[in-house]
Amino acid sequence: MKSILWRLSTLVTAGLLLTTTVRANIYATDIKLNGARNPVTGIPPLTNSISYILNEPATLGTTVNILSGTNIVRAISLGVGTNGTWLGSNYVIWDSNDNNSNSVPTGNYVISVTPAAIGYSNWTQISRDTNPGNFALQPRGLAIDNNSNSLYYGRIFLGNAQGADAAVAPNPTPGSNDTILKLNADCSFSDDGPYGDGGYVIYDTGSADLPEKLRLGDDDRLYMNDFSSYGQIVAFNTLLSTNEVVLSADNYSANPVFFNNFQDFGWFSFDVTSAGADDGLIWLGDGDTNGAGIWNWHLTNGIADPNDTSGNLAIPLGGGLTSISGGLIVDTNLDIFIGQYLTDSGDTNPCCMVFTNWNSGSAFTNGTPTTNGLAWSDANILGVCDVSIDSRQKPKYVACSLNGATTTNGVRILNALTGATVTNLDSPNQYYVAAWDNVGNLYAGTGSAHRLRVFSPPDGTNQATTLAIIKVEPEILHITNNRTNVVIEFLASRSDLVGDFSLVGAPAVTGPFRVVAGPTVAALGNGLFTVTAAPPSVDTFYQILRNPTP
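Residues numbered from 1 in each chain as written. Predicted model: local features only at pLDDT ≥ 70, side-chain atom pairs only at ≥ 80, totals over all residues. Heavy atoms only, no water.

Q: For this particular structure, what's the right way to read the overall build of the protein?
A: If you tally the helices and strands in the protein, you get 1 helix and 42 strands. Taking the intrachain contacts of the protein between residues at least 6 apart in sequence as the baseline, contacts between residues at least 24 apart amount to 62%. Carbon and sulfur atoms provide 50% of the accessible area of the protein, an area that totals close to 21,300 Å². (Helix = DSSP H or I, 4+ residues; strand = E, 2+ residues; numbered from the N terminus. Contact = heavy atoms within 4.5 Å. Areas by Shrake-Rupley, 256 points an atom, 1.4 Å probe, with all protein chains shown as cover.)

And the structure:
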């Protein structure tokens, strides 16, 4: 009996390749075709549902294009106030035809979704406090997937560090569990569950120190600081279904200052840069006074070298830097933005500062500590708990989350080049964390109001384009082996021709697949084809492939 592979593939969203045409505040994420972001069965059916999520209403409408290469084969315009322009979930129907009402042939296509909005003249809260996904008892970690090649581009990860243990006694209100919430760009819960822990034990210690601080790596993994263990760093996949300890206390067991001077507090601030690359680094900063400064550990195959038990000193204390108690974040130029949690209005040490081009970017291990790279500092704000930049490549803004001080709360936005104050947001409330999406919106977590809030900058009229790959391939319907011939019936596009296809076969489902010699392809009409070939002498798996375009 011959084994046959039924090639079930087809119109799919195989991945997201986002581009932003201009700086924008509105964008589409979570693009799906017929309800799936992963490969699904099908050839161009008469009705396709293209769905996506908008982070705010498209007050100037939305355009959905189907492209072959750079050519638009179908353009769909959606007017203001119609499905396709709403905040949250939207969908548009595509009939698999081009602009001339011809069925598109099999091949590779791209879905392009471009919403446009009037924008705002001032910094404006665009989130709704009544939305269930915006509630969290104690938000202590926040990261957004800005990886343009990720299927989960735009996903928000919000670490809630107080409440029921989600793995043992889950609370029906997701934000009342001690866990990591998974949200879409509009702050609705993700379709693969509202939260997760990847099997890592997250529990309420009573000190709101787990999960503490979150960062999204270039490898599309979520990194978390387990502050209950003095700074163990754990990485999760974007589904929060797996975990891996990437740096533990063993990595600083020989650190010359940690256990001697500040084991009572630990590595509070952290960041990860170039994760997955040869120059990947995990950065740690102590949260105690007279502590360790900033150290880093080199990443190899996604984890810190277990033989590196001390790390590399990057920024020592001194010159106004007394602790890294208010967060740190590093851009691609290795500029290190630092916050200090100071509450004394008479303290002249800077609350927020930046060290530029750490070590000239010339070394990632055993480098020379930077002592004179301070570009600017701001001593006029108090209670900095976390810092975040709006772009890793060329930051324009620095967000300082403020809490616990007697005079300042809210989120202070600074100019990344000069340190000058741009604005103060929601000053009545205490904030612990902040993060920016890929189009310039600021997400911030307040512990006093127990909310995730989103603020849009005053950029005026704006738009952004998000792209998702579509792959249209034939679908095998039926196979007959009468020992004289193998006849394979398959479905393709109504515009395909018999010369567009090849039959390939392999002795194993994993391949390698090779072209079968001498088959005959015939068209039965309306996209239905048959291919006839000599019967194989061994068990064979078949696929129908479309020939490359000349």
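Q: For this particular structure, what's the right way to read empty space enclosed by the protein?
A: If you roll a probe as big as a water molecule over the atoms, it shows you where there is empty space left. Per the counting criterion, the structure on display carries 2 cavities of 30 Å³ or more. In this structure, the largest cavity is lined by Asn55, Leu87, Ile126, Ser127, Arg128, Asn131, Asn134, Ala185, Asp186, Cys187, Tyr443 and Val454. The space that makes up the second largest cavity amounts to roughly 50 Å³. Thr29, Asp30, Arg37, Ile53, Leu151, Tyr152, Tyr153, Gly154, Arg155, Asn184 and Ala185 together form the lining of the second largest cavity. A class-by-class count of the residues in the lining of the second largest cavity yields 5 nonpolar, 3 polar and 3 charged. (1 Å grid on protein atoms, 1.4 Å probe; cavity = no way out; pocket = protein on both sides within 12 Å on 5 of 7 lines; lining within 4 Å. Points joined across faces, edges and corners; volume = space filled by probe spheres on them. Nonpolar A, V, L, I, M, F, W, Y, C, P; charged D, E, K, R; others polar.)

Q: Quick question: what am I supposed to make of the side chain of aspartate 186 here?
A: Take aspartate 186: it is sitting in the loop between strand S12 (177-183) and strand S13 (195-196). The buried charged residue aspartate 186 lacks any salt bridge, with arginine 128 as its nearest oppositely charged partner at 5.7 Å. At a separation of 2.7 Å, a polar atom in the side chain of aspartate 186 contacts the side chain of serine 188. Aspartate 186 has contacts with Ile53, Leu54, Asn55, Leu87, Gly88, Ser89 and Asn131, leaving out every residue within four places of it along the chain. (Buried < 20%, exposed > 50% of the residue type's maximum accessible area, 1.4 Å probe, protein only. Lys, Arg positive; Asp, Glu negative; His and termini not counted. Salt bridge = Lys/Arg side-chain N within 4 Å of Asp/Glu carboxyl O. Polar contact = N/O pair within 3.5 Å; in protein donor to acceptor, adjacent residues only side chain to side chain.)

Q: Quick question: what am I supposed to make of the environment of leucine 425 here?
A: Relative to the helices and strands, leucine 425 resides in strand S30 (residues 421-425). Here the alpha-carbon distance between leucine 425 and valine 411, two residues 14 residues apart in the chain, equals 5.0 Å. In contact with leucine 425, other than residues within four places in its own chain, are Trp123, Gly410, Val411, Ile413, Leu442 and Phe455.

Q: Would you explain the side chain of asparagine 429 in this entry?
A: Inspection of the secondary structure puts asparagine 429 in the loop between S30 and strand S31 (431-436). Engagement of the side chain of asparagine 429 in a polar contact is seen with the side chain of serine 448, the distance being 2.9 Å. Setting aside its immediate chain neighbours within four residues, asparagine 429 contacts Leu402, Asn409, Gly410, Thr446, Ser448, Ala449 and Arg453.

Q: Please clarify how the pairing of strand S27 (residues 384-389) should be interpreted in this entry.
A: Burial of S27 is extensive: 6 of the 6 residues sit out of reach of the surface. Relative to strand S28 (residues 397-402), S27 runs antiparallel, the two being bridged by 5 bridges. Residue pairing in the sheet places serine 388 in a bridge with alanine 399 of S28. (Pairing = 2+ DSSP bridges.)

Q: Would you take a moment to explain the pairing of strand S9 (residues 139-144) for this structure?
A: Walk down a regular strand and you will see the side chains alternate between the two sheet faces. Extensive coverage of S9 is indicated by the burial of 6 of its 6 residues. As judged from the 5 bridges shared by S9 and strand S10 (residues 156-160), these two strands associate in the antiparallel manner. Looking at S10, one finds that proline 139 is bridged to asparagine 160.

Q: Looking at this structure, how should I read the sheet that holds strand S42 (residues 541-546)?
A: Strands pair in a sheet through their backbones, by hydrogen bonds, and they do so in one of two ways: parallel or antiparallel. Pairing within the open sheet is antiparallel, and its 3 strands lie in the order S39-S38-S42. The outermost strands of the open sheet, each flanked by one partner alone, are strand S39 (514-515) and S42. Pairing between strand S38 (residues 501-506) and S39: 2 bridges, direction antiparallel. Pairing of valine 504 across the sheet is with valine 515, part of S39.

Q: Would you take a moment to explain the confidence of the model for the protein for this structure?
A: Averaged over every residue, the pLDDT of the protein is 86; the share at 70 or more is 89%. Taken together, the stretch residues 1-23 has pLDDT below 50 and engages in 115 contacts with residues farther than four places along the chain or on a different chain. (pLDDT = per-residue confidence, 0-100.)

Q: Would you mind going over the pattern of salt bridges with me for this structure?
A: Here the idea is simple: oppositely charged side chains can pair when their charged atoms come close. Scanning all chains against the criterion turns up 15 salt bridges. Put simply, lysine 182 and aspartate 192 hold a salt bridge, and the shortest N to O gap is 2.6 Å. On the criterion of sequence distance, the pair formed by lysine 182 in strand S12 and aspartate 192 in the loop between S12 and S13 is long-range, its members being 10 residues apart. Of the residues examined, lysine 182 reaches a relative accessible area of 2% and is grouped as buried. For the salt bridge of aspartate 271 with arginine 215, the shortest nitrogen-to-oxygen distance reads 3.3 Å. Residue aspartate 271 is found in strand S18 (residues 267-273), and its partner arginine 215 is found in strand S14 (residues 212-216); the two are separated by 56 residues along the sequence. There is no split in this pair, since aspartate 271 and arginine 215 are both buried. Sharing partners across several salt bridges, the network here consists of Arg215, Asp271, Asp386 and Arg392.

Q: When you look at the sheet that holds strand S6 (residues 88-94) in this model, what are you seeing that I'm missing?
A: Reading across the sheet, the 3 strands line up as S2-S3-S6 and stay open at both edges, with antiparallel pairing between neighbours. If you trace the sheet from one side to the other, it starts and ends with strand S2 (28-33) and S6, each paired once. The average angle at which neighbouring strand axes cross in this sheet is 20°, direction not considered. Pairing between S2 and strand S3 (residues 48-54): 4 bridges, direction antiparallel. Bridge pairing in S3 places lysine 32 opposite serine 51. (Axes fitted to C-alpha atoms, helices over the stretch in contact; angles between N-to-C directions.)

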